[in-house]
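Residues per chain are reported as follows:
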Amino acid sequence: MKAQNEQRTGLLYGFGAYGMWGLVPLFWPLLKPSGAVEILAHRMVWSLAVVGLALLALRRWGWIRELLRRPRKLALTALAASVISVNWGLYIWSVNNEHVVEASLGYFINPLVSIAIGVLVLGERLRRAQWVAVGLSVAAVLVLAIGYGRPPWISLILAFSFATYGLIKKKLNMGGLESLAAETAVLFLPALGYVLWLGAQGQSTFASHGVAHALLLAATGLVTAIPLVFFGMAAIRVPLSTLGLLQYMAPVFQFGLGVLYFHEAMPPERWAGFSLVWGALVILTWDALRTARRSRIRLEAAPAVLASPAREPA
């Protein structure tokens with residue numbers, strides 16, 4: 001009963017995390033006339049403040065000394081911070097420049113890009129269904145490139161940057177709260193310096209557009225930290241296969257907002273490209289669930305096989 005309650009709580013946290021990530025396109029336009037780089041700088045500054053308070057409340061500081069003693073891990077943290085800043089900055093820019101649908105595509109194809117990186121970088125071998133899914137995603141990119149008259153570069157950069165970030169995080173093996181604190185700490189001084197420089201140049205919107213606007217910019221720290229905390233709470237309570245399914249909530253919400261709320265155009269070739277991507281994700285999800293089920297059956301059968309008496313040769 002306790003396990004069921006824990007899993008139910010984890011699902012609620014998972015829905016909360018991916019739901020907030022899916023609805024965040026509604027937030028970034030509220031920060032206009034701030035530009036994407038200014039918003040990103042404030043996001044870094046205020047995220048560190050929020051995460052720092054959380055760590056202070058939880059008294060989790062021991063990891064800092066260990067991180068500073070390991071130059072390679074510190075370098076990977078700086079690399080992760082740089083990659084995620086590209087991802088965050090481009091996403092904010094794309095939402096505020098009416099490219100929500102194209103941005104959502106980036107997070108739809110992110111699992112497929114992660115698979116490709118696994119093959120190219122980690123030498124992983126793909127199952128047949130995974131090859132089919134990757135092939136469909138390549139076809140989708142070609143169809144969308146024809147439809148846009150250019151490659152869907154926003155989608156590709158978002159997908160590859162987030163997949164690369166995931167690869168680095170896998171090597172770092174740090175908790176969500178700790179890793180966010182480390183990454184924002186790396187970028188805190190450059191971000192704060194940029195904010196102060198904008199103020200000195202008279203180009204900052206933080207102090208020139210009223211208290212409400214300043215509070216919204218400060219809220220970027222909460223918008224960043226809260227979904228990540230929820231995700232961490234979900235990750236320890238529900239299976240990875242369930243989290244893998246929940247991750248599609250965010251781009252589905254983003255796509256829906258792009259089409260229904262922001263009224264972005266969806267010509268036939270764009271529908272065709274997205275349909276290919278969705279088909280690839282269906283195959284990928286089916287293959288993952290089938291593989292997980294087979295693994296579970298083998299694990300359940302293993303004790304019975306080990307317990308059965310060995311037959312003596314005739």
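One can find the structure itself at the top, above this paragraph.
Residues numbered from 1 in each chain as written. Predicted model: local features only at pLDDT ≥ 70, side-chain atom pairs only at ≥ 80, totals over all residues. Heavy atoms only, no water.

Undergrad: Tell me about the overall build of the chain, and please be specific about residues and values.
TA: The secondary structure content of the chain amounts to 13 helices and 0 strands. Counted from the first residue to the last, the chain has its helices and strands arranged as α-α-α-α-α-α-α-α-α-α-α-α-α. Burial status across the chain gives 40% buried among its 314 residues. For the chain, the share of sequence-separated contacts (at least 6 apart) that also reach a separation of at least 24 residues comes to 85%. Taken as a whole, the chain presents about 17100 Å² of accessible surface, with 68% of it coming from carbon and sulfur. (Helix = DSSP H or I, 4+ residues; strand = E, 2+ residues; numbered from the N terminus. Buried < 20%, exposed > 50% of the residue type's maximum accessible area, 1.4 Å probe, protein only. Contact = heavy atoms within 4.5 Å. Areas by Shrake-Rupley, 256 points an atom, 1.4 Å probe, with all protein chains shown as cover.)

Undergrad: So, the packing of helix 5 (residues 100-120) against helix 6 (residues 128-148): which residues are in play, and what are the values?
TA: For any two helices packed against each other, the geometry comes down to the angle between their axes and how far apart the axes lie. Packing of helix 5 against helix 6 brings their axes to within 10 Å, and their N-to-C directions diverge by 150°. With respect to helix 6, the element helix 5 is oriented roughly antiparallel. Considering only the axes of helix 5 and helix 6, their crossing is left-handed. On the side of helix 5, the interface is formed by Glu102, Leu105, Leu112 and Ile115, while helix 6 contributes Gln130, Ala133, Val134, Ser137, Leu144 and Tyr148. When the residues that make up the contact of helix 5 with helix 6 are grouped by side-chain class, the tally is 7 nonpolar, 2 polar and 1 charged. (Axes fitted to C-alpha atoms, helices over the stretch in contact; angles between N-to-C directions. Parallel < 35°, antiparallel > 145°, perpendicular 65-115°, else oblique. Left-handed = near helix turned anticlockwise from the far one by under 90°. Nonpolar A, V, L, I, M, F, W, Y, C, P; charged D, E, K, R; others polar.)

Undergrad: Which residues make up the packing of helix 2 (residues 36-58) against helix 4 (residues 71-96), and what values go with them?
TA: It is at 9 Å that the axes of helix 2 and helix 4 come closest, and there the two elements cross at 135°. Taken together, helix 2 and helix 4 sit at an angle that is classed as oblique. Considering how the two elements wind past one another, helix 2 and helix 4 form a crossing that is right-handed. Of the residues in helix 4, those in contact with Ala36, Ile39, Leu40, Arg43 and Met44 of helix 2 are Ser85, Trp88, Gly89, Ile92, Trp93 and Asn96. Split by residue class, the contact of helix 2 with helix 4 holds 7 nonpolar, 3 polar and 1 charged.

Undergrad: Just give me the short version of the environment of Ile84, but keep the residues and values in it.
TA: Note that Ile84 resides in helix 4. Ile84 gets classed as buried once you look at its relative accessible area, which sits at 3%. A sequence separation of 82 residues divides Ile84 from Gly166, and the C-alpha atoms of the two residues are 9.6 Å apart.

Undergrad: With reference to specific residues and values, describe the packing of aromatic side chains.
TA: Here the structure, examined in full by the defined rule, presents 17 aromatic pairs. Its guanidinium or amino end placed over the ring of Trp88, Arg43 lies 4.0 Å from that ring's centre, counting from NZ or CZ. (Phe/Tyr/Trp six-rings, centres within 6.5 Å; stacked < 30°, edge-to-face > 60°. Lys NZ or Arg CZ within 6 Å of the ring centre and 35° of its normal.)

Undergrad: If you had to explain helix 4 to someone new, which residues and values would you point to?
TA: For helix 4, which comprises 26 residues, the first-to-last C-alpha distance of 37 Å matches the rise-based estimate of 38 Å (1.5 Å per residue) to within 8%. Once helix 4 finishes, Glu98 follows within two positions and takes phi at roughly 65°, a positive value. (Expected span 1.5 Å × (residues − 1).)

Undergrad: Lay out the side chain of Glu183 in plain terms, naming residues and giving numbers.
TA: Along the chain, Glu183 turns up in helix 8 (residues 176-200). Classification of Glu183 by relative accessible area gives buried; the value is 3%. Ignoring any residue separated from it by four or fewer positions in sequence, one finds Glu183 in contact with Thr77, Ala80, Ala81, Ile84, Tyr165 and Lys169.

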